[in-house]
Amino acid sequence: FTLPVRGSEGLYMVNGPPSFTESTAFQRDSGKNCKAVAFSKDGSLFAWCNGEKVNIVNVTNAELLRSFDLPKAVCLEFSPKNNVLATWQAYATAKDGTAGVPNLQLHDVKTGKCLKSFIQKKMQNWCPCWADDESVCARNVNNEVHFFENNNFNTIANKLHLQKVNDFVLSPGAQPTKVAVYVPGSKGAPSFVRLYQYPNFNGPQSALANKSFFKADKVTMLWNKKATAVLVIASTEVDKTGASYYGEQTLHYIATNGESAVVQLPKNGPIYDVVWNPNSVEFCAVYGFMPAKATVFNLKCDPVFDFGTGPRNAAYYSPHGHILVLAGFGNLRGQMEVWDVKNYKLISKPVASDSTYFAWCPDGEHIVTATCAPRLRVSNGYKIWHYTGSLLHSYEVPSNEEMWQVSWQPVLDGVFPAKAVKYQAVPSELPSAEPKPAQAYRPPALRNKPVTSSKLHEDEPPQNMKPPGSSDKPLSKTALKNQRKHEAKKAAKQEAKADANQEPAQSSASQNAPRSAVPAVTSGDPEVDKKIKNLKKKLKAIEQLKEQAAAGKQLEKNQLEKIQKETALLQELEDLELGL
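Residues numbered from 1 in each chain as written. Predicted model: local features only at pLDDT ≥ 70, side-chain atom pairs only at ≥ 80, totals over all residues. Heavy atoms only, no water.

As annotated in an unreviewed UniProt entry, the protein carries the name Eukaryotic translation initiation factor 2A and comes from Burhinus bistriatus. On record in UniProt, under Sequence similarities (unreviewed entry), the comment for the protein is "Belongs to the WD repeat EIF2A family." (UniProt positions renumbered as here; feature names shortened; annotations may be inferred.)

### A closer look at the overall build of the protein
Scanning the protein from N- to C-terminus turns up 4 helices and 36 strands. Once local pairs closer than 6 in sequence are excluded, the contacts in the protein between residues at least 24 apart make up 43%. For the protein, the accessible surface area stands at approximately 33700 Å², while carbon and sulfur atoms represent 53% of it. (Helix = DSSP H or I, 4+ residues; strand = E, 2+ residues; numbered from the N terminus. Contact = heavy atoms within 4.5 Å. Areas by Shrake-Rupley, 256 points an atom, 1.4 Å probe, with all protein chains shown as cover.)

### Here's the deal with the packing of aromatic side chains
Counted under the stated rule, the structure contains 20 aromatic pairs. On the basis of an interplanar angle of 25° and a centroid distance of 5.9 Å, the ring pair of phenylalanine 46 and tryptophan 48 is categorised as stacked. Judged by its relative accessible area of 1%, phenylalanine 46 is buried. Grouped by ring-pair contacts, the aromatic residues Phe26, Phe39, Phe46 and Trp48 constitute a single cluster. Across the ring face of tyrosine 12, the terminal group of arginine 28 is positioned such that the distance to the ring centre comes to 4.0 Å. (Phe/Tyr/Trp six-rings, centres within 6.5 Å; stacked < 30°, edge-to-face > 60°. Buried < 20%, exposed > 50% of the residue type's maximum accessible area, 1.4 Å probe, protein only. Lys NZ or Arg CZ within 6 Å of the ring centre and 35° of its normal.)

### Re unusual backbone geometry
In terms of backbone geometry, most residues other than glycine have negative phi values and most peptide bonds are trans. Backbone torsion omega between proline 17 and proline 18 reads 5°, so that peptide bond is classified as cis. In this structure, the amide linkage connecting alanine 373 to the following residue, proline 374, adopts the cis form with an omega of 5°. Position of proline 374 relative to the elements: it lies in the loop between strand E32 (366–371) and strand E33 (381–386). The phi torsion at asparagine 125 lies on the positive side, around 50°, for a residue other than glycine. Even without a glycine there, the phi angle at serine 280 is positive, about 70°. By the secondary structure assignment, serine 280 is in the loop between strand E23 (271–276) and strand E24 (282–287).

### Notes on the sheet that holds strand E21 (residues 249–255)
Strand order across the open sheet formed by 4 strands is E19-E20-E21-E22, with antiparallel pairing between neighbours. With one partner strand each, in any of the chains shown, strand E19 (218–223) and strand E22 (260–262) form the two edges of the open sheet. Each strand axis lies, on average, 20° off the axis of its neighbour in the sheet, ignoring direction. Pairing between E21 and E22: 3 bridges, direction antiparallel. Its bridge partner being in E22, tyrosine 253 is matched across the sheet by alanine 261. (Pairing = 2+ DSSP bridges. Axes fitted to C-alpha atoms, helices over the stretch in contact; angles between N-to-C directions.)

### A closer look at helix H2 (residues 526–550)
The end-to-end C-alpha separation of H2 is 37 Å, in line with the 36 Å expected for 25 residues at 1.5 Å each. Those residues of H2 that fall on the buried side of the exposure criterion are Ile532, Leu535, Leu539, Ile542 and Leu545. Those residues of H2 hidden inside the fold are in contact with helix H3 (557–564) and helix H4 (566–578). (Expected span 1.5 Å × (residues − 1).)

### Structural notes on the packing of H2 against H4
Taken N-terminus to C-terminus, the directions of H2 and H4 make an angle of 150°; their axes are 10 Å apart at the nearest point. One element, H2, and the other, H4, form an angle in the roughly antiparallel class. For the element pair H2 and H4, the recorded crossing hand is left-handed. On H4, the residues that touch Val528, Lys531, Ile532, Leu535, Lys536, Lys538, Leu539, Ile542, Glu543 and Lys546 of H2 are Glu566, Leu569, Leu570, Glu572, Leu573, Leu576 and Glu577. Here the contact of H2 with H4 is built from residues that sort into 9 nonpolar, no polar and 8 charged. (Parallel < 35°, antiparallel > 145°, perpendicular 65-115°, else oblique. Left-handed = near helix turned anticlockwise from the far one by under 90°. Nonpolar A, V, L, I, M, F, W, Y, C, P; charged D, E, K, R; others polar.)

### With respect to the sheet that holds strand E34 (residues 391–396)
Taken in spatial order, the 4 strands make up an open sheet running E31-E32-E33-E34, and their pairing is antiparallel. Of all the strands in the sheet, the pair left with one neighbour each is strand E31 (357–360) and E34. Across the sheet, the mean angle separating the axes of adjacent strands is 15° when strand polarity is ignored. Of the strand pairs in this sheet, E32 and E33 are connected by 6 bridges, and their pairing is antiparallel. Within E33, the position partnered with alanine 370 by the bridge is tyrosine 382.

### Quick word on the pattern of salt bridges
In total, this model carries 12 salt bridges according to the counting rule given. The shortest N-O distance in the salt bridge between arginine 28 and glutamate 22 comes to 3.0 Å. What makes glutamate 22 partly exposed here is its relative accessible area of 37%. Among the ionic pairs, glutamate 365 bridges to lysine 422, the shortest N-O distance being 3.8 Å. With a gap of 57 residues between them, glutamate 365 in the loop between E31 and E32 and lysine 422 in the loop between strand E35 (403–406) and strand E36 (463–464) connect regions that are remote in the sequence. Where salt bridges share partners, they join Lys293, Asp306 and Glu460 into one cluster. (Salt bridge = Lys/Arg side-chain N within 4 Å of Asp/Glu carboxyl O.)

### Describing the pairing of E24
Here E24 lies mainly inside the structure; 6 of its 6 residues are buried. Side chains Glu282, Cys284 and Val286 project from E24 onto one buried face, and the interleaved Phe283, Ala285 and Tyr287 project onto a second face that is buried too. With 5 bridges joining them, E23 and E24 adopt antiparallel strand pairing. Bridging from a neighbouring strand, isoleucine 271 pairs with tyrosine 287 of E24. Counted between consecutive antiparallel strands, the loop separating E23 from E24 contains 5 residues, among which serine 280 sits at a positive phi close to 70°. Both E24 and strand E25 (residues 292–298) contribute to a ladder of 6 bridges, which runs antiparallel. By the bridge assignment, cysteine 284 is partnered in E25 with valine 296. Counting the residues between successive antiparallel strands, the hairpin from E24 to E25 contains 4 residues, one of them, glycine 288, with a positive phi of roughly 95°.

### Here's the deal with the side chain of arginine 194
Mapped onto the secondary structure, arginine 194 falls in strand E17 (residues 191–197). Here arginine 194 occupies a buried position and makes no salt bridge, while the nearest side chain of opposite charge, glutamate 144, is found at 14 Å. Reaching out from arginine 194, the side chain makes a polar contact with the side chain of tyrosine 196 at a distance of 3.5 Å. (Lys, Arg positive; Asp, Glu negative; His and termini not counted. Polar contact = N/O pair within 3.5 Å; in protein donor to acceptor, adjacent residues only side chain to side chain.)

### Some points on the packing of H2 against H3
Following both chains from N to C, one finds H2 and H3 inclined at 120°, their axes separated by 9 Å at the closest point. Taken together, the axis directions place H2 and H3 in an arrangement best described as oblique. In terms of crossing hand, the pair formed by H2 and H3 is left-handed. Contact residues: H2 offers Ile542, Leu545 and Lys546, while H3 offers Gln559, Lys562 and Ile563.

What follows is the structure in structure tokens.
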């Protein structure tokens, strides 16, 4: 398989591991104007636009299949079964202010004819979404979702009309197709995400699941591969508490069987990344103020494994779900941690500094990291790694050139079988890319003295969150009951223990802990203290009776007599406290 590389040097294909040579089958397109590239889902077709035409080639023999005159196209995408190529160019209104020409076009790949053109003003979410078998295609038009069937774009087969659909995502995999829709809240009403099964859209009763929440200016919806659940990252633009620049994020879980939950994240701060394991029964979240925490949760939203804290803001599962990479890119130094998911063991810790892009190869063995413009204008290039930490290939563009994009040719599931996880680094001709650790600045007075390490913070170690001896099998009801009883007993024992330890410690703690109650004044004579306590008790009872009388309650004779004794009791209390 190959990697297309797009940049100021043009567009060319590189053969993947083990050779890493430029592909001779694909003729390099040397124009500096290549705006976009796209592979079909199975990796058999490749399309690119070079500022003059949009071309489609067969990847294996590089035979040109189609060419369209679309010099302004900047976005391309194939439908999942290679029947349609969608192209988008920037929308422009005519000089006299009338509506411009349709700028989103759907072309039949086999015949080359244009099936339909739409006006699509925004580049965001420009492409229609297809179900994997192309039986359904959907696009968001003026806050409602229009559905087309079997690539017939002349008739709208169905509409999903809610007050204002801001975003939607179709479920992956086989029929029946499900739809997750997001409706932002307005005027004090909460935002909500609903799951529907196509084509049952009649009112909220027909929804499979519904989750409403405040605190959402935008949401990201992530289906798992088996289409049984959606994770929703809801974020606000501004954090009202002032704790974060990045607004505030919350993570919600919604299942197609109607269950929903808020995922409890044990550390405060932004949610950087959330990814589903391809097995669809676990997901990993990277969250919390730096150093960030990373935790794997199960479908009950209970933590299964906690990776501790570290410099990271992204997570990537391998295509087979057997390896997880936690990485710190962007404003972090590019450290990666490669974990064996089954045994939760660390495999390797390579460093890919200045990376702006990371992608697993479909074989589940190799990784590409790249430094691309316009995110970073200097030292553009890409590196290909083996997950055991070996750097296998590295390419940097000449200093006056830029690289804009690199990606793997996709492959359908099942083409590469999952292999056993290796821990031994695979051999490589290249030296390892370990950057020399920068020496901390030391003032002249300390330069000849021994180094004392000082850390800003201690990283938390990884820990397994599954209770020991717990199996994944669900417990029977009686077993659960017994387990709960046992846990309750244990907790009660520990509490009793803690109370016993607390007693002597109380006196020392009272000096530094703010006491919520008024400290009791003691006279030194236990008899007097007892009397004072009793008087206070009586006075409190009188207060309560007075409140009842004020609320209009009819008091008994003896209760009224109690109230009359109040002044005498107050006098007695005062005398005792003054020690008269």
